[in-house]
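Inside the fold
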Amino acid sequence: MPTTTTATRAARLLVLLAALGTLLFAGAPQAAAHASLTGSSPADGEVVATAPDTVVLTFSERVTLSGDKALRVLDPAGGRVDTGEITDLSADGAVRHGVALTGGLADGTYTVAWQAISADSHPIAGAFTFSVGAPSETSVRLSDQRPGGGTVGLLYETARFPAYAGFVLLVGGVAFTLLCRPGAGAARAGGRLALAGWTALTGATLALVLLRGPYTGVGLRDAIDTKTGTALLSRLLLLAAAALFLAVLYGGGARERRGGRGLPGYALPVAGTLLAVGLAATWALSEHASTGHWSQVAVPADVIHLLAAGAWLGGLATLLTLLFRFPEQVSRAVVRRFSLLAFWSVVALAVTGTFQAWRQVGDADALLSTRYGQLLIVKVALVVLILAAAWISRRWTARLAEGTGHQDAPDTDPPAEHDPDPAPEPAAVPSAPGGGSGEDPVRRAQLARQRAAVRQTRRRRDRDADAERSGLRRSVLAEAAIAALILAVTTALTGSTPARTEAAAATAGTPEPISIQLPYDTGGPHGQGTALLDITPGGTGDNVLHLRLTDPEGLPNGAEEVRISLTLPAEDLGPLRYEPTHVDVGHWVADDLRLPRPGDWELSLTLRTSEIDQTTETTTVTVG
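Note that the structure is a prediction, hence the values are computed from the model and not measured.

Across the sheet, which stays open at both edges, the 4 strands sit in the order S14-S13-S17-S18 with antiparallel pairing between neighbours. Two strands in the sheet have a free side with no partner beyond their single neighbour: strand S14 (573-578) and strand S18 (614-623). Shown here is a sheet whose adjacent strand axes are inclined to one another by a mean of 20°, direction ignored. Bridge count between strand S17 (residues 599-608) and S18: 10 bridges; the pairing is antiparallel. Each residue of the ladder has a partner; that of Ser604, found in S18, is Thr618.

Set out below in C-alpha cells:
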C-alpha cells in the first residue's frame, strides 16, 4: 500500500477539526443573547388609560439598534404607529432606548417588536404587547426566525472556529521561529504553519464580514458600522500587514539575515509582537471582555490570554511538525526554549483565565446551572489533561537531554539537506530496437517512485529508532489533540452567554412573590386573627392571590364574607374589586387578580365574620 504522507495526515486532521467544530455549534443554541431586555414602559401586558407618547425599552447592557426593523410598534391590524426615530435615553447607568408614537392611538392591544446587537457582537430580539384602554384581539403575527438563527447563524458561529485556529497557528509558528531559533527545516515548518494560519484566519474573517449582515438581521453597511464590524475590517488590514511580515520573516529577509545583512535584530520581534497584539485586540475589544464590569482590566487580560494560547498551542503544533518531518532538528536547546515559552504561556493563561472566569461566572450556582459554566468546567478538565500530557513530554525531554545517540542540531541554519543513504540510480534502460536512443519514460518514473519510497522508509525507520524523540513525538501528539478540543470548547464559550449575564437575565424583570401578614379584629366572637396574603408572581399583569385566615393560636379561622380592592392613588387608578373563592377552611383564592401598572398599590381587605361584625384593613403593596 502507498505510504501516508504528512500532508495527508494534516488534511485528515483539518477535516476532523472542522467536523468537530460544526457538530459543536450545531448542538449549541443559536444566537445566544448576551444582553437582555430587563424592562419597558409600558410594561409587557400592561393596560394604560391613555396612549403613551413614547415606548421605552431598558436593557441589561449596551446595545445597538439600527435598521428599519430595530424597534417597531404595531396596532391590532399590524400597521406601524411609531415614527421610526429611535432615541438613546440612557442615564445613570441604565441603558434605555425609546421610539416616539404617532398621535391619536385608538383603544386596543399594541405589539412592540425589537431587534438589537449586544455590545459583545451577538444579535438579540423579542416582542411584547401592551393595551390602551382595554385589551383587544390582534392580527399581528411575528416571524419565529430570530436574527442569528438558522443556517446563517450556524455558518457564522462555525466560521469563528477556523478564525481562532488560524490565529493560534499564525502566532505560534512565528513565536517558535523567533524565540526557539531552530534550523532551516524548523523554520520551514514554522513558516508553513504560520502561512496556513494566516490563510485560515483571513478566509474566516472574510466569511464573517459577509455573513455579518444576515447574521444580525440588518444591512451590510449597518453591520459594518457596529463595533464588531469595525473590528473585523481592522483585522483584515492587520492581516495584510502580517502577509508582508511573513514574507520578510520567511522569504528574502531570512536569506539576507543568514548573509549578515538586512533588518536589525530587534525589528522583526517588535513588529511581530505589535501585529499579534493588534490581532488579539480585534477580539478583546469587540466580544465578552469589552462588556460588563472591570472591562478596563478584562480587555488587556484577554489580549494576553489570546497571545499566550497562540504561543503555547501554535508552538506545540510547530514542534509536532518538526518531530514528524525533521526529528534530527529537535535538539535539547530547541525543546528547552519551547518548554520555557510554554511554561510562561501556561502561567499567563492560568492568571488571565481565572480572572475572566471569576468575572463571567460569579458564583458556583451559575457555574453549574448555565451552559457557559458547564463549558468552562469541560475546558478546565481538558486543560488539566493537557498539562498531564505536558508532564509526560517533559520527562521525555529530560531523557533526550541525557541521551547520547544524537547530537544537538545547530542553532544556525545547516547546509541543504541530503539523503543520508540514497538509493542507487536506476540502470539505464536498453535502447529500443532499430537504434532508438530514448529511455523508457514509464520505467524511469517507476524507478524514481521506488527510490523515493525506499528513502522515505529509511527515514521513518531511523526516526522511529530514536526512542527519546519517538516518545516525545507521541506525547506532543496527544497534547496537540487535546489542544484542538480546548480550542473548540473555547470557541463555543465565546459564542455563549456569560454565566453571570444569563443568571442576571433570568432574575431581571422576574417579580418576587408578595407576602403580607395583616392582623384583623372584627369585634365579635372568633373575630380576631391574622390574614396571610400571598400574591404570585407579584408583578404587573395577571396574578393569583391566596388568602389564609388564622386565629391567635395559628389555627384556620373562618369568615362569612371576604372582599378585596386595589387602588393606585398616584395614577388615580381603581379601585379594582375582587371576591375570592372559598376553597377550604380559612382559605380563599382569587385567580383573576390583575395589576396593570407598577407602583404602590393600596390593598383593602374587608372581612365579615357575622351579620354585624366586620372590619376593613388596609396595607400598601409595592409592584415593580
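The next thing to look at is the environment of Gly203. Locating Gly203 in the fold gives a position in helix H3 (residues 184-216). Judged by relative accessible area, which is 38%, Gly203 ranks as partly exposed. Along the backbone, Gly203 and Pro162 are 41 residues apart, and their C-alpha atoms lie at a distance of 8.5 Å.

Turning our attention to the packing of helix H2 (residues 150-180) against helix H9 (residues 332-361). Helices that pack against each other are described as a pair by the angle of their axes relative to one another and the distance between those axes. Taken N-terminus to C-terminus, the directions of H2 and H9 make an angle of 120°; their axes are 10 Å apart at the nearest point. Between H2 and H9, the angle is such that the two are oblique. Between H2 and H9 the crossing geometry is right-handed. The residues of H9 that touch H2, namely those facing Phe176, Leu179 and Cys180, are Val334, Arg337, Phe338 and Leu341.

Quick look at unusual backbone geometry now. Trans is the common state for peptide bonds, and a negative phi is the common state for residues other than glycine. Residue Pro42 is reached from Ser41 by a cis peptide bond, and omega for that bond is 0°. Relative to the assigned elements, Pro42 resides in the loop between strand S1 (37-41) and strand S2 (47-48). Of note, the bond from Thr536 into Pro537 is cis; its omega dihedral lies within 30 degrees of zero at 5°. Not every positive phi belongs to a glycine, and His526 is a case in point at roughly 55°. You can see His526 is positioned in the loop between strand S10 (514-521) and strand S11 (528-536).

By secondary structure assignment, the location of Arg212 is in helix H3. No salt bridge is formed by the buried Arg212, whose closest oppositely charged neighbour, Glu157, lies at an N-O distance of 7.3 Å.

The next point concerns the sheet that holds S11. If you trace the 5 strands from one edge of the open sheet to the other, you get S10-S11-S12-S16-S15, paired in antiparallel fashion. Strands with a single pairing partner mark the edges of an open sheet, and in this sheet they are S10 and strand S15 (581-584). Across the sheet, the mean angle from the axis of one strand to that of its neighbour is 25°, orientation sign disregarded. For S10 and S11, the ladder comprises 8 bridges, and the chain directions are antiparallel. Along S11, the bridge assignment pairs Tyr520 with Gly529.

The next subject is the packing of H2 against helix H8 (residues 295-325). Where H2 contacts H8, the axes come no closer than 6 Å and their chain directions differ by 70°. Taken together, the axes of H2 and H8 are roughly perpendicular relative to one another. For the pair H2 and H8, the contacting residues are Tyr164, Phe167, Val168, Leu169, Val171, Gly172, Gly173, Ala175 and Phe176 in the first and Leu306, Leu307, Ala309, Gly310, Ala311, Leu313, Gly314, Gly315, Ala317, Thr318, Leu319 and Leu322 in the second. Looking at the contact of H2 with H8, its residues break down into 15 nonpolar, 6 polar and no charged.

What follows covers the packing of aromatic side chains. Applying the stated criterion across every chain, the model contains 8 aromatic pairs. Relative to Phe130, the ring of Tyr110 has its centre 5.8 Å away and its plane inclined at 20°; by these criteria the two rings are stacked. Taken as a pair, Tyr110 in strand S8 (residues 108-118) and Phe130 in strand S9 (residues 123-132) lie far apart in primary sequence, 20 residues in all. Of the residues examined, Phe130 reaches a relative accessible area of 0% and is grouped as buried. Aromatic rings pair up to connect Tyr164, Phe167 and Trp283 into one cluster.

The biggest cluster of nonpolar side chains holds 72 residues, and the ones touching the most others in it are Phe167, Leu170 and Phe338. For this core, the secondary structure elements donating two or more residues are H2, H3, helix H5 (227-250), helix H7 (267-284), H8, H9, helix H11 (371-402) and helix H13 (467-494). For this core, the element with the highest residue contribution is H8, accounting for 16 residues. Here Phe338 is in contact with Phe176, Cys180, Ala311, Trp312, Gly315, Leu316 and Leu319, once residues within four sequence places are set aside. One finds Ile514, Tyr520, Leu568 and Leu607 within the second-largest nonpolar core, a separate group that totals 25 residues.

Taking 1.5 Å per residue as the helical rise, H8 with its 31 residues ought to reach 45 Å, and the 44 Å between its terminal C-alpha atoms agrees with that figure. Counted residue by residue, H8 has 24 buried out of 31 residues, so it is predominantly covered.

Another aspect to go through is the pattern of salt bridges. This model, assessed by the stated rule, comprises 6 salt bridges. The residue Asp542 makes a salt bridge to Arg594 at a minimum N-O spacing of 2.8 Å. Of this pair, Asp542 sits in strand S12 (residues 541-550) while Arg594 sits in strand S16 (residues 587-595), and the two are 52 residues apart along the sequence. Taking relative accessible area as the criterion, Asp542 reaches 57% and is therefore assigned exposed.

What follows deals with the pairing of strand S13 (residues 561-568). Note that S13 and S17 share 7 bridges and pair antiparallel. Bridge pairing links Thr567 to Glu602 in S17. Where S13 lies against S14, 4 bridges are found, and the strand directions are antiparallel. Bridging across to S14, Ile564 finds its partner in Tyr578. The loop that links S13 with its antiparallel partner S14 comprises 4 residues; one of these, Asp572, has a positive phi angle of about 55°.

Our next topic: a nonpolar patch on the surface. Nonpolar side chains collect at one region of the surface, where Leu340, Phe343, Trp344, Val347 and Val351 lie side by side and expose about 520 Å² of accessible area between them. Examined against the element boundaries, Val351 turns out to sit in helix H9.

Topologically, Ser475 is positioned in helix H13. Using a relative accessible area of 7% as the deciding quantity, one classes Ser475 as buried. In sequence terms Ser475 and Leu320 are 155 residues apart; their C-alpha atoms lie 9.5 Å from each other.

Our next topic: the confidence of the model for the chain. Here the chain shows a mean pLDDT of 77. Residues at 70 or above account for 76%. When pLDDT is averaged over each element of the chain, S11 comes out on top at 93 and helix H1 (residues 6-26) at the bottom at 46. Residue range residues 17-33 is modelled with pLDDT below 50. Its contacts to residues more than four positions away, or to other chains, number 35 contacts. Every residue in residues 255-262 is under pLDDT 50, and counting partners more than four places away or in other chains gives 6 contacts.

Calculation notes
Residues numbered from 1 in each chain as written. Predicted model: local features only at pLDDT ≥ 70, side-chain atom pairs only at ≥ 80, totals over all residues. Heavy atoms only, no water. Pairing = 2+ DSSP bridges. Helix = DSSP H or I, 4+ residues; strand = E, 2+ residues; numbered from the N terminus. Axes fitted to C-alpha atoms, helices over the stretch in contact; angles between N-to-C directions. Buried < 20%, exposed > 50% of the residue type's maximum accessible area, 1.4 Å probe, protein only. Parallel < 35°, antiparallel > 145°, perpendicular 65-115°, else oblique. Left-handed = near helix turned anticlockwise from the far one by under 90°. Contact = heavy atoms within 4.5 Å. Lys, Arg positive; Asp, Glu negative; His and termini not counted. Salt bridge = Lys/Arg side-chain N within 4 Å of Asp/Glu carboxyl O. Nonpolar A, V, L, I, M, F, W, Y, C, P; charged D, E, K, R; others polar. Phe/Tyr/Trp six-rings, centres within 6.5 Å; stacked < 30°, edge-to-face > 60°. Core = buried A, V, L, I, M, F, W, Y, C linked by side-chain atoms within 4.5 Å. Expected span 1.5 Å × (residues − 1). Patch = residues over 30% accessible without salt bridge, like charges linked within 9 Å, V, L, I, M, F, W, Y side chains within 5 Å. Areas by Shrake-Rupley, 256 points an atom, 1.4 Å probe, with all protein chains shown as cover. pLDDT = per-residue confidence, 0-100.

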